[in-house]
Amino acid sequence: MTTGSLLAADLVIAVLAAAGWLGGGAAAATRRRPLALCLAALALLATLARAATVTALARAGWWFAAEKVLIAAPLSLAGVVVAGPRLVRAPADIRSVAVPLLFAGYAASGGLLVTVLHGYPASPGVGLLAVAGVVAATAATWRLLGSRPSPTVSRAALAVAAAALVTGTGLAVTPSAAPAVPHDHRYPDAPPVGEPTRRFTLTAGTATVKAGGRDVAAWAFNGQVPGPELTATVGDVLEVTLRNRDIARGVTLHWHGYDVPNSQDGVPGVTQAAVLPGQEFVYRFRADQVGTYWYHTHSASDVGVRKGLYGVLVVRPAPVTGVDVTVPVHTLSGVPLPAPRTEPVGAGVPVRLRLINTDSTTHRYALAGTPFRVAAIDGSDLRGPTPLVDTAVLIPAGGRYDLVFTAPATPVALFVDGREVYSTGPVSTATDAWPVLDPLGYGAAAPAPWSRTDKEFTLVLDRGLDLRGLLPRYAHTVNGAADPDIPSQVVRRGDVVAFTIVNRSQIVHPWHLHGHHVLVLTRNGRPATGSPLWLDSFDVRAGDVWEVAFRADNPGMWANHCHNLAHADAGMTLHLMYS
Ligand code: C2O
Ligand code: CU
């Protein structure tokens, strides 16, 4: 069983336990004896089963189980100790066990709420809040059911609940150690890059574009979605003038996967101010990385990218032969892009398909009709890629794969989630059942470029209640906090930095660090055995633990976030900062 399914199973069992106790208590209070006994038995079974799932989660990694072991388990145990013996005596008047059963229900619910609303790390404050809630609810129930506890008992319960509430709140809302972006933060200066050799102008504006045969209201660069394809030859100096005609929320250009100097990174509030309607900003950088990249707005990035403010950036080596096609996949108002296209290619011609996922969710790509190799991932060439046949690839949000093959005499077709997007002629093949390539075991291994680590960070991804903003929200969190309250990670230039990324949630988080490519070391404890993988976008699935590392060689303040841009917006953004 994967850790992801364990997490899901444990959650379901926890809900059953809480519901069983609460339902049993309610049945007892209304004197429905068989129902009460039956629900209580179910709750007891679920609680026992939880011991197994929580133990298994703790073995998969303490991050997955901490609050369950430290807070939920003692609460559940208290519930069993109080309710269990009374049930065994099976009193004639079932109503007399209503309060103990409901107490067990509040205890189980308290533990469950800690997991769902707070998660990792388990803090004493949160534990105390849960205790306060359980004690208060039990005392109130006691009163309500008229079985009147003695005044001493009620007073003691009130005192315990109040003390736990006050201490717990105090401990739970202590301010975070370091602000995400320091208050004295200034935008970085642009370093000199020499005379531009490639010039582009991108004007952002609202537009109506044709997609899937209908008119779609979009936000577009130069009136088109995707924006113009920016191409360069390695060594070029790019100059891109960004203008904003009427995007009220502002625009910027972020060069996704391109490790530009910090001042050119296009993150509003961090590397520059957002470009407002009527304003412009000029980006200049040297195209010294070959490969497939893309650009997109980083201002209101969730809605901005979704509505169309993105485009392709390809930097090619000097002489290029054969057919070279970019396939930027996007979903615009429900219409999948690009539109299918067919062009014959002569047998023997080398073909490179540059697959780009500009959506916020994973896509599945399948190339039918020819053996192929994955030549590059996220712009970096792979070492010794071997031919693949009838194999699909999964590309995370923001990620890119370059597939290469020599055109056969028969047609070839590329499918994205089963939809044909590119072909050299008619092909009918079912690709749904194809196995999926695991890039961690593909290609030829090479020794790591360093033998030490200077800094280590752990990012635990989850959901949780965020009460620090103006309105409470159910945020996507990192180490229990949401943007802008996630402390920055501070490194020194030259450090080798290792990140452990843990996904405690039930959904995938495509991780993306700006300004650097990270080398994948392990996933779920298993070392990467194939070609070194230098990624800028990778899917951390539910229950996954990834270890990656990079050299801190690009000073500045860099966004480090989930590339499901709705998640990034809802808290899952932090920063990497050079001291
Ligand atoms: Cu492609 Cu910070 O994003
Ligand atoms: Cu996410």
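Residues numbered from 1 in each chain as written. Chains lettered and ligands numbered in written order. Predicted model: local features only at pLDDT ≥ 70, side-chain atom pairs only at ≥ 80, totals over all residues. Heavy atoms only, no water.

Chemist: Just give me the short version of the overall build of the protein chain, but keep the residues and values in it.
Modeler: For the protein chain, the helix and strand inventory stands at eight helices and 31 strands. Based on the C-alpha atoms only, the size of the protein chain along its principal axes is roughly 90 × 55 × 55 Å. Within the protein chain, the fraction of its 579 residues that count as buried is 52%. Restricting the contact set of the protein chain to residue pairs at least 6 apart, pairs at least 24 apart contribute 77%. Of the roughly 24,300 Å² of accessible surface on the protein chain, 61% is carried by carbon and sulfur atoms. Counting 45 positive and 40 negative side-chain charges, the protein chain places the centres of these two groups 10 Å from one another. (Helix = DSSP H or I, 4+ residues; strand = E, 2+ residues; numbered from the N terminus. Buried < 20%, exposed > 50% of the residue type's maximum accessible area, 1.4 Å probe, protein only. Contact = heavy atoms within 4.5 Å. Areas by Shrake-Rupley, 256 points an atom, 1.4 Å probe, with all protein chains shown as cover. Lys, Arg positive; Asp, Glu negative; His and termini not counted. Charge placed at Lys NZ, Arg CZ, Asp CG, Glu CD.)

Chemist: Describe in detail the sheet that holds strand β6 (residues 280–286), supporting the description with residues and values.
Modeler: Taken in spatial order, the four strands line up as β2-β1-β4-β6 in an open sheet, and their pairing is mixed. A strand with exactly one partner marks an edge of an open sheet, and here the two such strands are β2 (214–221) and β6. Neighbouring strand axes in the sheet, compared pairwise and without regard to direction, differ in orientation by 30° on average. With seven bridges connecting them, strand β4 (residues 237–244) and β6 associate as antiparallel partners. The partner of T241 across the bridge, within β6, is V282. (Pairing = 2+ DSSP bridges. Axes fitted to C-alpha atoms, helices over the stretch in contact; angles between N-to-C directions.)

Chemist: Tell me what's going on with the packing of helix α4 (residues 98–118) against helix α5 (residues 124–144), and back it up with residues and numbers.
Modeler: Running from amino to carboxyl end, α4 crosses α5 at an angle of 150°, the nearest separation of the two axes being 9 Å. In terms of their interaxial angle, α4 and α5 are classed as roughly antiparallel. The element α4 and its partner α5 pack so that their crossing is right-handed. In this structure, α4 contributes V99, L102, F103, Y106, A107, G110, V114 and H118 to the contact, and α5 contributes V126, A130, V134, A137, T138, T141 and W142. Looking at the contact of α4 with α5 residue by residue, the class counts come to 11 nonpolar, four polar and no charged. (Parallel < 35°, antiparallel > 145°, perpendicular 65-115°, else oblique. Left-handed = near helix turned anticlockwise from the far one by under 90°. Nonpolar A, V, L, I, M, F, W, Y, C, P; charged D, E, K, R; others polar.)

Chemist: Please provide a residue-by-residue account of the coordination of the copper ion (ligand 2), values included.
Modeler: Only H509 (ND1), C562 (SG) and H567 (ND1) from the protein coordinate the copper ion (ligand 2), and they sit 2.0 Å from it. Donor residues for the copper ion (ligand 2), ordered by position in the chain, follow H-x52-C-x4-H. (Donors = N, O, S within 2.8 Å, 3.2 Å for Na, K, Ca; no water.)

Chemist: Talk me through the pairing of strand β13 (residues 363–368); I want residue IDs and the actual numbers.
Modeler: Most of β13 sits out of view: six of its six residues are buried. Here four bridges tie β13 to strand β16 (residues 392–395), and the two strands are oriented antiparallel to one another. Counted as the bridge partner of Y365 is V393 from β16.

Chemist: Lay out the sheet that holds strand β3 (residues 230–233) with the relevant residues and their values.
Modeler: Taken in spatial order, the four strands make up an open sheet running β3-β8-β7-β5, and their pairing is mixed. Strands with a single pairing partner mark the edges of an open sheet, and in this sheet they are β3 and β5 (254–256). Neighbour-to-neighbour, the strand axes of this sheet turn through a mean angle of 25°, independent of strand direction. The pairing of strand β7 (residues 291–296) with strand β8 (residues 310–316) spans six bridges and is antiparallel.

Chemist: Please provide a residue-by-residue account of the environment of S76, values included.
Modeler: Along the chain, S76 falls in helix α3 (residues 62–88). A residue is classified by how much of its surface remains accessible, and S76, at 17% relative accessible area, is buried. Each C-alpha atom of the pair S76 and R186 lies 50 Å from the other, and the pair is 110 residues apart in sequence. Discounting residues that sit within four places of it in the chain, S76 has contacts with T47 and A108.

Chemist: Before we move on, can you summarise the packing of helix α1 (residues 3–29) against α3 with the specific residues and values?
Modeler: Each pair of packed helices gets described by two things: the angle between the helix axes and the distance between those axes. Following both chains from N to C, one finds α1 and α3 inclined at 30°, their axes separated by 12 Å at the closest point. With respect to each other, α1 and α3 are oriented roughly parallel. Between α1 and α3 the crossing geometry is left-handed. For the pair α1 and α3, the contacting residues are T3, L7, D10 and W21 in the first and F64, K68, V80, A83 and L87 in the second.

Chemist: Before we move on, could you go through the nonpolar core and cite the residues and values that matter?
Modeler: In terms of nonpolar packing, the biggest core is built from 56 residues, with L353, V374, L414, W511 and F538 touching the most fellow members. Both domain 3 (321–437) and domain 4 (455–578) contribute no fewer than three residues apiece to this core. By size, the runner-up hydrophobic cluster in this structure holds 27 residues, among which are A232, V251, A287 and A300. (Core = buried A, V, L, I, M, F, W, Y, C linked by side-chain atoms within 4.5 Å. Domains from an automatic or database assignment.)

Chemist: Tell me about the pattern of salt bridges, and name the residues and values.
Modeler: Tallied over the full model, the rule gives 23 salt bridges. For D10, the salt bridge identified is with R50, shortest N-O distance 2.9 Å. Pair noted here: D10 is in helix α1 and R50 is in helix α2 (residues 33–60), with a separation of 40 residues, a long-range link. The burial state of D10 is the same as that of R50; both residues are buried. A salt bridge links R341 to E343; its shortest N-O distance comes to 3.3 Å. On the basis of relative accessible area, E343 is assigned to the partly exposed category, the value being 24%. Salt bridges linked by common partners bring R316, D324, R352, R354 and D402 together as one network. (Salt bridge = Lys/Arg side-chain N within 4 Å of Asp/Glu carboxyl O.)

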